[in-house]
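Per-entry structural report
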Amino acid sequence: MTAIEILGFEKTYSVGFWRKKQKCALKPLHLQVQEGEIFGFLGPNGAGKTTTLKMLMGLVFPTAGTARILGMQLDDPRMKAQIGFLPEQPYFYDYLTARELLEYYGQLSGMPARSGHGRVNETLERVGLSHASDVQLRKFSKGMLQRVGIAQAILHDPKIVFFDEPMSGLDPMGRREVRDLMAQLKRDGKTVFFSTHILSDAESLCDRVAIIHRGELRGVGAVADLTSSVQGKVEIVWQGTVAPAGMKAWGVDFHVTGKTVRCVVTEDQQDAAIEMLRRDRLRLISVIPVRTSLEDYFVSKLKTGKMEAHAGVGS
Amino acid sequence: MNSNPMNFRIAHIATNTFREAVRDHVLYNLIAFALLMSGAAILVGQISFGIERLVVINLGLASVSLFGTVIAIFIGIGLVSKEIDKRTLYTMLTHPVRRWEFIVGKFVGLSGTLVVNTFFMAIGVFAALLYVSRHFQKADVWVLVALYFIILQFLIITALALLFSSFSSPLLSAVFAFSLFIIGSFSEDLRGFAAMTNGLARWITTGAAYLVPNFSALNVISSVAHQQPVAGHLILYNTAYALLYTTMAISGAVLIFERRNLK
């Protein structure tokens, strides 16, 4: 079932003193996210990720287009009871403690007071804030506020969680915990939609990603498909510190690390290279096809500006 | 997840607004008020003869009005804009809360704060009154009516501050709200002036006189201090007027806020 369906979202702002100039923040965007998947919304800063998320959350109104979440309109309170949202660099009522804030948001989400108390404790534990639950938020560090933000987003056990740059402001351990939490949400059957410009996070977590640049969707597809495109090259690694003379004649670069040598050759040269290594009695360690990383794909999409959808894509 | 009735959500938002005011030490103004009333009662008892009650009621009610107006404007203008600037609205409105519920909840919360504040100030006024005259008089009941009118005035000012806060910066909102408060305090004079003009000027001044809040009608401090009773129809008229004006201002704030992009 489709969890999120964006149907031609478009956003144009009027700028300038007389508001006569038009600035396009988002060109018509069509996107579908299926239930139970982790979907990464990738793009450099200013690409339109946050604008899209804000429109999905009903904070900013689209100039054109619409969207449905779990088949419901964006202003439907029943839909809002089933989503959680972590904004980028979240701020909260700093006169409240973490516990009070969660209890407040729990009340707004319709959580009964009795079960709500237990759920608040459980959520604080889950994001690693049990020790600071009764400290006012004005005394929290940026990383702790991020955890509070995650806590309020998952407190009411929503079906879909939206995270805007969830790793922002977190130390390496915190980032790992958030990655684990997102993976756990997926195991619990939740849908996770998150924006990021940290590609390693997206590559390790996402089932599918969309790439957006200058307000335009540049590519969308399953991470496995995007990163499995063989470039027609193989990486060969062998034991030793020298390369066969025949391979040197190909003009390829050799990287010597300790007692291993690594080089990249074309698939046409692969058999000849292995034969040369065998002849020179150099021990072959591995031959691995070179795959396109998500970063390669990302960079190519930003440069080409051409929309591309891969197999299995819902858009 | 249980469904949460709309009136519960408004109550939760109102309670949190009240809690914010308390934790931001807004009620500390009561200390200044208590000091003012104590000082006035002692001083008046020493320097005046026969007019102690008049002075205490005038000074007390005027202070209640001034302190509350300042709180209503300075907190009211930040009710929406501060939430947008601090981005606390982003998480609030992604919970099952409608925008109009947020506005109404904020209004109820600040109004509640002002009512509590006024309640404690009223105790101060009556304590000072008891101190200077040693006993209460039957006419003192009209002081309660004057306090009720002051609360009605706070409702209008809070609603106006909220209205301005929904579309302009805190500074401009403060300027607008204070200006309306001052003009509204002289609205009877404005109506009198309108009656003296002719033609287009008459239309414009009459329109302006009826558009600004009529705080003159809500101000019975002087007559109450002179132990004059307040007419029953005035209580009814002022109540209806304040509720209507407040509803219109809140409706305006809701209409604007419903369409506002939270960048």
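Being a predicted model, the structure only gives us computed values, none of them experimental. (Residues numbered from 1 in each chain as written. Chains lettered and ligands numbered in written order. Predicted model: local features only at pLDDT ≥ 70, side-chain atom pairs only at ≥ 80, totals over all residues. Heavy atoms only, no water.)

1. Quick look at the pattern of salt bridges
Residue and element names in this part refer to chain B. Evaluated as defined, the whole model comprises 25 salt bridges over all chains. Across the pair lysine 82 and glutamate 20 runs a salt bridge whose closest N-O atoms are separated by 2.8 Å. Taken as a pair, lysine 82 in helix H4 (residues 78–85) and glutamate 20 in helix H1 (residues 6–23) lie far apart in primary sequence, 62 residues in all. What makes lysine 82 partly exposed here is its relative accessible area of 36%. A cluster of three or more residues bridged by salt bridges with shared partners is formed by Glu20, Lys82, Glu83 and Lys106. (Salt bridge = Lys/Arg side-chain N within 4 Å of Asp/Glu carboxyl O. Helix = DSSP H or I, 4+ residues; strand = E, 2+ residues; numbered from the N terminus. Buried < 20%, exposed > 50% of the residue type's maximum accessible area, 1.4 Å probe, protein only.)

2. Here we look at the packing of aromatic side chains
Considering all chains together, one arrives at 19 aromatic pairs over all chains under this definition. Ring centres of tyrosine 93 of chain A and tyrosine 95 of chain A lie 5.8 Å apart, and the angle between their planes is 50°; on these two criteria the pair is classed as tilted. For tyrosine 93 of chain A, a relative accessible area of 4% translates into the label buried. Their ring planes at 80° and their centres at 5.8 Å tell us that phenylalanine 33 of chain B and phenylalanine 67 of chain B sit as a pair that is edge-to-face. Of this pair, phenylalanine 33 of chain B sits in helix H2 (residues 29–47) while phenylalanine 67 of chain B is found in helix H3 (residues 52–76), placing the two residues 34 residues apart along the sequence. One aromatic cluster is present, formed by Phe39, Phe41, Phe162 and Phe193 of chain A through successive ring pairs. Over the ring of phenylalanine 257 of chain B we find arginine 99 of chain B, and its NZ or CZ is 5.4 Å from the ring centre. The ring centre of tyrosine 131 of chain B lies 5.4 Å from the NZ or CZ of arginine 134 of chain B, which sits over that ring. (Phe/Tyr/Trp six-rings, centres within 6.5 Å; stacked < 30°, edge-to-face > 60°. Lys NZ or Arg CZ within 6 Å of the ring centre and 35° of its normal.)

3. Details of the side chain of serine 63 of chain B
All names here are of chain B. Mapped onto the elements of the fold, serine 63 is located in helix H3. Taking the relative accessible area as the measure of exposure, serine 63 reaches 7% and is therefore buried. Of the polar contacts made by the side chain of serine 63, one reaches the backbone oxygen of leucine 59; its length is 2.7 Å. Setting aside residues up to four positions removed in sequence, serine 63 forms contacts with Phe33 and Leu36. (Polar contact = N/O pair within 3.5 Å; in protein donor to acceptor, adjacent residues only side chain to side chain. Contact = heavy atoms within 4.5 Å.)

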